[in-house]
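Examining the three-dimensional arrangement
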Amino acid sequence: MELSVAPAPGGSRGQILRAMSGLCLASFIVTLSGTIVSNALPRILADLGGSQSQYPWVVTSSLLTATATAPIWSRLADRTSKRLLFQAALAFFAFGSVLCGVAPTTEILLVFRAIEGIGMGGLGALVYVVLAALISPRERGRYASFVTAVAATGTVCGPLLGGVIIEAPMLGWRWCFWAPVPLAIAAVVLLQRTLRLPASSDRARVDWIGALVIPSTIGVFLAWVTLAGREFGWLSWASAAFVVTTGLLIIVGVTVEQRAPNPFLPPWLLRQRTMLLALVASVVIGGISMATSVYLAQYFQVSRGQSPTASGLLLLPMVAGIVSGTILSGQLVSRLGRCKRYLVIGAALASTGLALLGTIDRTTPLEVIAGYMVILGLGVGSSLQNLVIAVQNELAYHELGAGTSVVLSFQSLGGAIGLAILGSILASRVAEVPVQDAAAAYGDATALIFRIAAVSALVALAAVLLLRDTPLRTTVDGPEVDAESVRRQGPAGTGGA
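Residues numbered from 1 in each chain as written. Predicted model: local features only at pLDDT ≥ 70, side-chain atom pairs only at ≥ 80, totals over all residues. Heavy atoms only, no water.

**Examining the overall build of the chain**
In terms of regular secondary structure, the chain is built from 18 helices and zero strands. Here the chain holds 497 residues, and the buried ones make up 60% of them. Considering only contacts within the chain whose residues lie at least 6 apart along the sequence, 84% involve residues at least 24 apart. (Helix = DSSP H or I, 4+ residues; strand = E, 2+ residues; numbered from the N terminus. Buried < 20%, exposed > 50% of the residue type's maximum accessible area, 1.4 Å probe, protein only. Contact = heavy atoms within 4.5 Å.)

Structural data, given as structure tokens:
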């Protein structure tokens, strides 16, 4: 097989910064859309006649399809135009958002959110694939910190904006879905004008079987962890059916990918130590990031009696922590050329912040909770982007899409698992107390799920401690990108834009 090595296409600093404008806007859109509905959920469910059991589904339905389809978007990025794919994902997202805004029932809203999630999956994955194609791992931390900071701002500011929208005259909750659409259109225009990458030279046959089986496996597993404990028991025949189906799909997927001449997910990627440890940490940190913003917003409203807008404002200390941790660690990673120490610090801070939040109740002073959120935010901000950089540092140029999609899918997977499991525990604890004690029960149950999350964060800390402290490369294409290395590792397609 003839291998074409793509040159480092980043261009001048000015060109990169212009391209970053579109990437940052797209990143903001996808994270904003994931959380803007969190404060509006009580109003949405009341208006559409939904139930408490459907509460997390409005968020997780889009996470399911985003996580399942992200590998497809990323793998296609290795063999076609990244810019066109990015614009297609934005268009898909805008279409789904418009549909969500006209949903007449909760059930239809969940379907439309799943459609919206397909575009979200593309945006979330392609941001980091394009960054990797533009900038070397050594410099990537500096630039990625701005993208991640913008994304973090969208994640935690979403509830604030959602609260403002549903309380504003002449608007209402439907505008929570329509508001990001003009931003998506603007991002399409920006990317058309600013993003310039070489055309792909890869014309290898697409592994469509793998492209079907792998996302299906992720989707079935996520459906199980989301439904179990709500629609059926964890130890039930329905649960067993999901587990068996997931296991069979894994076996089929492994068999197909080992035999495919150009695998959708190259098996050798999952045999790399850095990849495996990063995936463990990504699941945990991803779950912490998503669950914290959703259930803290609910805590402020239900247990502390705050309005949707006020609960969004109360999450701003976490924004400050995430943005500060992201930018500071990104600058230091680029300056020193290593990222392990900041991953360790980030996981330790996340564990500490969660443990402190595990002590709160309905009477804890809000300024104390704000301090705990800053610590947690610093930990999350120092972790998420550096996990991606650590993995990309080990990848050849032609593997960027596949490898990056795995890490980002596991972060989304963690978000869905965290929302499902912690939400199930929260709901069961609240259901055990009389209605008149609901405020106190929500406070105690929220503290419990943070204590559980703190224990899980220790798993992430152990994983990053085991990572090799490898210096970051100063080139976009890895040193192993040559015909002999590809022959040793197995067949793979060559990279392109």
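**Looking at a nonpolar patch on the surface**
A cluster of nonpolar side chains, namely Trp234, Leu235 and Ile421, defines an oily patch on the protein surface of about 340 Å² accessible area. Structurally, Trp234 can be placed in the loop between helix 9 (208-227) and helix 10 (237-259). (Patch = residues over 30% accessible without salt bridge, like charges linked within 9 Å, V, L, I, M, F, W, Y side chains within 5 Å. Areas by Shrake-Rupley, 256 points an atom, 1.4 Å probe, with all protein chains shown as cover. Salt bridge = Lys/Arg side-chain N within 4 Å of Asp/Glu carboxyl O.)

**Some points on the packing of helix 4 (residues 82-101) against helix 5 (residues 106-134)**
In contact at an axis separation of 8 Å, helix 4 and helix 5 are set at 155° when each is read in the N-to-C sense. Judged by the angle between their axes, helix 4 and helix 5 are roughly antiparallel. Here helix 4 and helix 5 pass one another in a crossing that is left-handed. Of the residues belonging to the contact of helix 4 with helix 5, the class tally is 20 nonpolar, four polar and three charged. (Axes fitted to C-alpha atoms, helices over the stretch in contact; angles between N-to-C directions. Parallel < 35°, antiparallel > 145°, perpendicular 65-115°, else oblique. Left-handed = near helix turned anticlockwise from the far one by under 90°. Nonpolar A, V, L, I, M, F, W, Y, C, P; charged D, E, K, R; others polar.)

**So, the environment of Thr326**
Note that Thr326 resides in helix 13 (residues 316-336). Residues Thr326 and Gly381, 55 residues apart in the sequence, show an inter-C-alpha distance of 4.3 Å. Here Thr326 is in contact with Ser145, Thr148, Ala149, Gly381, Ser382 and Gln385, once residues within four sequence places are set aside.

**Some remarks on the pattern of salt bridges**
One pass over the structure, following the stated rule, counts two salt bridges. Of the charged contacts, one joins Glu116 and Arg113 as a salt bridge, the two residues approaching to 2.7 Å between their closest N and O atoms. Here Glu116 pairs with Arg113, and both are found in helix 5, just three residues apart, close to one helical turn. Just as Glu116 is buried, Arg113 falls in that class too. Between Asp469 and Arg338 there is a salt bridge, with its nearest N and O atoms 3.8 Å apart. Placement of the pair is Asp469 in the loop between helix 17 (438-465) and helix 18 (483-489) and Arg338 in the loop between helix 13 and helix 14 (340-357), with a sequence separation of 131 residues. Judged by relative accessible area, Asp469 falls into the partly exposed class, the value being 34%.

**Digging into the nonpolar core**
Across soluble globular proteins, you tend to see nonpolar side chains buried next to one another. With 142 residues, the main nonpolar core has Val37, Phe86 and Leu90 as its most contacted residues. Discounting chain neighbours no more than four positions away, the residues touching Val37 are Ile44, Val58, Val59, Arg113, Cys176 and Phe177. (Core = buried A, V, L, I, M, F, W, Y, C linked by side-chain atoms within 4.5 Å.)

**Looking at helix 14**
Its 18 residues give helix 14 an end-to-end C-alpha distance of 26 Å, which sits within 8% of 26 Å, the value for a rise of 1.5 Å per residue. Lys340, Tyr342, Leu343, Gly346, Ala347, Ala350, Ser351, Gly353, Leu354 and Leu357 are the residues of helix 14 that are buried. The secondary structure elements touched by the buried residues of helix 14 are helix 11 (273-302), helix 13, helix 15 (366-392) and helix 17. (Expected span 1.5 Å × (residues − 1).)

**Considerations on the side chain of Ser382**
Tracing the sequence through the fold places Ser382 in helix 15. Given a relative accessible area of 9%, Ser382 falls into the buried group. Reaching out from Ser382, the side chain makes a polar contact with the backbone oxygen of Leu378 at a distance of 2.9 Å. Not counting residues within four places of it along the chain, the set of residues in contact with Ser382 comprises Gly325, Thr326, Ser329, Tyr342, Leu343 and Gly346. (Polar contact = N/O pair within 3.5 Å; in protein donor to acceptor, adjacent residues only side chain to side chain.)

**Regarding the confidence of the model for the chain**
Per-residue pLDDT for the chain has a mean of 79; in total, 87% of the residues score no lower than 70. Low pLDDT, under 50, characterises residues 1-10; the stretch is placed with 25 contacts to residues that sit more than four places away or in other chains. Segment residues 479-497 is flagged for pLDDT under 50; beyond a separation of four residues in sequence, or across chains, it makes 60 contacts in the model. (pLDDT = per-residue confidence, 0-100.)

**Overview of the packing of helix 3 (residues 57-77) against helix 16 (residues 400-431)**
Their axes nearest at 8 Å, the elements helix 3 and helix 16 cross at an angle of 170°. Considered as vectors, helix 3 and helix 16 are oriented roughly antiparallel to each other. Within the contact between the two elements, helix 3 uses Val59, Thr60, Leu63, Thr67, Ala70, Pro71, Ser74 and Arg75 and helix 16 uses Gly401, Ala402, Ser405, Ser409, Ser412, Leu413, Gly415, Ala416 and Leu419. Grouping the constituent residues of the contact of helix 3 with helix 16 by class yields eight nonpolar, eight polar and one charged.

**Some words on the side chain of Arg113**
A residue is classified by how much of its surface remains accessible, and Arg113, at 0% relative accessible area, is buried. Setting aside chain neighbours within four positions, we find Arg113 in contact with Ser33, Gly34, Val37, Val58, Val59, Ser61, Ser62, Thr65, Cys100 and Phe177.

**Side note on helix 15**
Across its 27 residues, helix 15 extends 40 Å between first and last C-alpha, which sits within 8% of the 39 Å expected from 1.5 Å per residue. Within helix 15, the axis deviates most sharply at Asn386, by approximately 25°. Summarising burial for helix 15: 20 of the 27 residues are buried, a large majority. (Bend = angle between axes of the 7 residues up to and from the residue.)

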